[in-house]
Amino acid sequence: MTDDGLRSRPVFFLTLFAGSVLGAMPSACPGAPIFEQVSVPSFEFEGLFHGTRAEALGSADLAGAQGVEAQLLNPAPLVFGSSAEVAYGHMEYDHLEWLDGDLQNYGAAVLWRDIRFAMVRDELSVDGITVRTAFDPEGTRIAIRERMDLAGVSWARRHELDSTTRILWSVGGGYRRYSSHIGSSRTHANTFDAGTSAGLSKLTHGAVTRLLGAVAWQNVFDQNAEASGRRVSVPRTLRLGVTADLALDLVGEAGEDARFRVAYTRALDLERSDEDDDHLGLELTLLKRLSLRVGRDEGFAGG
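For the structure given in this document, a descriptive report is provided here. (Residues numbered from 1 in each chain as written. Predicted model: local features only at pLDDT ≥ 70, side-chain atom pairs only at ≥ 80, totals over all residues. Heavy atoms only, no water.)

On to the overall build of the protein chain, then. Scanning the protein chain from N- to C-terminus turns up two helices and 13 strands. Expressed as a percentage of its 303 residues, the buried residues of the protein chain come to 46%. Counting contacts in the protein chain only where the partners sit at least 6 residues apart, residues at least 24 apart contribute 62% of the total. Here the protein chain displays about 14,400 Å² of accessible surface, and carbon together with sulfur accounts for 58% of that area. (Helix = DSSP H or I, 4+ residues; strand = E, 2+ residues; numbered from the N terminus. Buried < 20%, exposed > 50% of the residue type's maximum accessible area, 1.4 Å probe, protein only. Contact = heavy atoms within 4.5 Å. Areas by Shrake-Rupley, 256 points an atom, 1.4 Å probe, with all protein chains shown as cover.)

Another point: the packing of aromatic side chains. Under the counting rule described, the total for this entry stands at four aromatic pairs. On the basis of an interplanar angle of 55° and a centroid distance of 5.4 Å, the ring pair of Tyr 175 and Phe 192 is categorised as tilted. Taken together, the positions of Tyr 175 in strand 5 (residues 165-182) and Phe 192 in strand 6 (residues 185-204) put the pair 17 residues apart, joining distant regions of the chain. Since its relative accessible area comes to 36%, Phe 192 is described here as partly exposed. Of the aromatic side chains, those joined through ring pairs into one cluster are Tyr 175, Phe 192 and Phe 221. (Phe/Tyr/Trp six-rings, centres within 6.5 Å; stacked < 30°, edge-to-face > 60°.)

Take the environment of Gly 172 next. By the secondary structure assignment, Gly 172 is in strand 5. With relative accessibility at 14%, the residue Gly 172 sits in the buried group. Beyond its immediate stretch of four places on either side in the chain, Gly 172 contacts Pro 75, Ala 76, Val 153, Ser 154, Asp 193, Ala 194 and Gly 195.

Turning our eyes to something else, we now look at the pattern of salt bridges. Going through the model one piece at a time under the given rule, you end up with 14 salt bridges. Arg 236 is paired through a salt bridge with Asp 222; the nearest N and O atoms lie 3.8 Å apart. Remark: Asp 222 occurs in the loop between strand 7 (207-218) and strand 8 (225-227) and Arg 236 occurs in the loop between strand 9 (230-232) and strand 10 (237-248); sequence separation between them is 14 residues. The class for Arg 236 is buried, based on a relative accessible area of 16%. Arg 266 is paired through a salt bridge with Asp 278; the nearest N and O atoms lie 2.9 Å apart. (Salt bridge = Lys/Arg side-chain N within 4 Å of Asp/Glu carboxyl O.)

Here Arg 116 is to be found in strand 3 (residues 115-133). Buried within the structure, Arg 116 lacks any salt-bridge partner; Glu 85 is the closest side chain of opposite charge, at an N-O distance of 4.2 Å. For Arg 116, the side chain forms a polar contact with the main-chain oxygen of Gly 67, separated by 2.8 Å. (Lys, Arg positive; Asp, Glu negative; His and termini not counted. Polar contact = N/O pair within 3.5 Å; in protein donor to acceptor, adjacent residues only side chain to side chain.)

Counting residues in hydrophobic clusters, the biggest one holds 12 residues: Val 68, Leu 72, Ala 109, Ala 118, Val 120, Met 148, Leu 150, Tyr 178, Ala 189, Ala 225, Val 232 and Val 234. Setting aside residues no more than four positions away along its own chain, Ala 225 makes contact with Thr 187, His 188, Ala 189, Arg 230, Arg 231, Val 232 and Val 234. Core analysis: the next-biggest nonpolar cluster, separate from the first, contains 11 residues, Leu 78, Leu 212, Ala 214 and Ala 216 among them. (Core = buried A, V, L, I, M, F, W, Y, C linked by side-chain atoms within 4.5 Å.)

See the structure below:
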């Protein structure tokens, strides 16, 4: 059995996924209008969808984040070797009377000799929100178009302590470009990410045990923007995550027949201390092809 389970490779997953309520939008009852404050961009959409695997795990697998979308959570994923991949994810929000929209992300990543380059785009489109003011009590229908482009680079290293034990480490950073069109409001913001991951891998009696940890800091320099003379909120989050997994070779043919993973992440909102969230996820993968996942994300009602 080899100890290269963290190496990037084509893998097909069956994911059990349930969408979350659009919790970051201003609160409203079904059928109720959204008032004037929604006409000022907030960029809060960025945390709504981190890709299908991440969402199924409650955005908990920070240290073991995989795929192109890993860049959205962790600028320094633990991936090794040389490879290339593309990804696309889509989530619809059409189950509330006052909201009709969708969010998607897509991107590509290239891994060359343990150096990773990734680009991801997050997009939110919402149609038909009513905004009422004292000057317009009947309300005006507006559309929301928000986008975040992310480019990142990371470098990972492995060091063998002995024939059965490895130390894993990575460091990386990213650049985010936000743009928002809400009604007649237009604004942009630029931020930077930084992060590091580390882990220990141990091979014993046909099983590989890994303990991984990661720290990811989003919006390191506390960048903000303004629209209509108001300060625009740009996400600024510090994430601390730990992941443990056990990979088993059940038939003794140097393969990986089953892998069980548990992940936990604490997301600290550096702008609002009362918005800190806990994330927990469990994953069972069989024969590197079939994965069953369950997760809890405290950041969203119903997540």
